[in-house]
Amino acid sequence: MPTITIKRNGKATKDTVGKVRDLSKEPFFVKKANEAKAFLKKHGLPATHKK
Amino acid sequence: MSLERYNFETERTHTSYEFTSEGRNGIIRKGVNFQLIDPKHEIYNLAFGDFNAQGEIDDLSVSDNKDRDKILATVAATVVDFSENHPTATIIATGSTLARTRLYRMGITRNFENISEIFDVQGYAGGWVPFKKGTDYQAFSVRRKIS
């Protein structure tokens, strides 16, 4: 996959798109997501963010 | 105000990020992930940690590279990048330890003037409330303001 430089306000930064693998299946992040789900289930959604 | 930070790398969906911390204890690869946990309300969980020698990530290691502020500024930059690509998403962050939660609070507090220009910020302290400096929260939520 080619690397694409991110542009902000028309100016290129050194941040890049394209080199990183999908981390969503990493056990650590899955665990953290499940903890966050449990937190929201117990405490509810942020008030101003409810749609 | 532009804070010193590391450059990050991401992928096409702008949900996974990596960057490298460089300090007195060497080079430490960091991973940041925005995980969709509530599709209906478009809520993503923010988590980040260090890659260990096995290539796995945890957030309990103390790398002690003396670059905490630079790391926080980099994570904040990933939040901005993520929200530019997911403008209606809500991001929540809960610390794995009290120390990590304090770290989040410190990062928001130090940059609150800049953050609050772009985001609505809330904290959870017995209920979700607008973020105020000097208050302890169990979790944080940010969402890009509608322009």
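Refer to the structure presented above.
In this text the structure is predicted, and so the values were computed from the model without any measurement.

Quick word on unusual backbone geometry
Residue and element names in this part refer to chain B. For His14, which is not glycine, the phi torsion reads 55 degrees and is therefore positive. Tracing the backbone shows His14 in the loop between strand 1 (9-10) and strand 2 (16-23). Positioned with a positive phi, Lys66 is a non-glycine residue whose angle comes to about 55 degrees. Tracing the backbone through its elements, the reader meets Lys66 in the loop between strand 5 (57-58) and helix 1 (68-85).

Examining the pairing of strand 9 (residues 139-144) of chain B
Residue and element names in this part refer to chain B. Burial of strand 9 is extensive: 5 of the 6 residues sit out of reach of the surface. Bridge count for strand 6 (residues 90-94) against strand 9 is 5 bridges, and the pairing is antiparallel. Paired with Thr90 across the two strands is Arg143, which belongs to strand 9. Note: strand 7 (residues 119-124) against strand 9, 6 bridges, orientation antiparallel. Looking at strand 9, one finds that Phe119 is bridged to Arg144.

Regarding the pattern of salt bridges
Residues and elements named next belong to chain B. Per the stated rule, a full pass over the model turns up 12 salt bridges over all chains. Close ionic contact of Arg29 with Glu18 constitutes a salt bridge, the shortest N to O distance being 3.1 Å. Residue Arg29 is found in strand 3 (residues 26-38), and its partner Glu18 is found in strand 2; the two are separated by 11 residues along the sequence. Accessibility expressed as a relative area gives 27% for Arg29, which makes it partly exposed.

A few points about the interface of chain A and chain B
In this complex, chain A contributes 34 residues to the contact, which on the side of chain B involves 47 residues. Note on chain A versus chain B: buried area summed over both sides is about 3,500 Å², and carbon and sulfur give 59% of it. Across the contact surface, chain A and chain B share 1 salt bridge. Among the salt bridges present, the one from B:Arg5 reaches A:Asp15, with a minimum N-O distance of 2.7 Å. Counting across the interface, chain A meets chain B through 10 residue pairs in polar contact (both at pLDDT 80 or more). Ranked by residue count, the leading element in the side of chain A that touches chain B is helix 1 (residues 27-43) of chain A, at 10 residues.

Quick word on the nonpolar core
With 29 residues, the main nonpolar core has B:Val32, B:Phe34, B:Leu46 and B:Val121 as its most contacted residues. No other element matches the 6 residues that helix 1 of chain B contributes to this core. In contact with B:Leu46, not counting residues within four places along its chain, are B:Val32, B:Asn33, B:Phe34, B:Val75, B:Val79, B:Ile91, B:Ile92, B:Ala93 and B:Tyr104. By size, the runner-up hydrophobic cluster in this structure holds 11 residues, among which are A:Ala33, A:Leu45, B:Ile43 and B:Trp128.

Basis of the calculations
Every residue gets a number counted from 1 within its own chain, in the order that chain's sequence is written. Chain letters and ligand numbers both follow the written order, the letters beginning at A and the numbers at 1. pLDDT decides what is reported in this predicted model: residues at 70 or higher carry local features, side-chain atom pairs at 80 or more are listed and counted, and totals for whole chains, interfaces and linings draw on all residues regardless. Side-chain numbers come from the whole structure's heavy atoms, not from hydrogens or water. Counting from the N terminus, the helices are the DSSP runs of H or I reaching at least four residues and the strands are the DSSP runs of E reaching at least two. Each residue is assigned to one of three classes by its accessible area relative to the maximum for its type, calculated with a 1.4 Å probe on protein chains only: buried under 20%, partly exposed between the two thresholds, exposed over 50%. Being paired, for any two strands, means DSSP has found at least two bridges between them. Whenever Lys or Arg places a side-chain nitrogen within 4 Å of a carboxyl oxygen from Asp or Glu, that contact is recorded as a salt bridge. Contacts are residue-level and defined by heavy atoms, with any inter-residue pair within 4.5 Å sufficient. Summed over both partners, buried area is the accessible surface (1.4 Å probe) that two parts give up on being assembled. Nitrogen and oxygen atoms within 3.5 Å of one another constitute a polar contact, given that in protein one can donate a hydrogen and the other can accept it, and given that sequence-neighbouring residues count only through two side-chain atoms. Buried residues of nine kinds, namely Ala, Val, Leu, Ile, Met, Phe, Trp, Tyr and Cys, make up a nonpolar core once their side-chain atoms join them within 4.5 Å.

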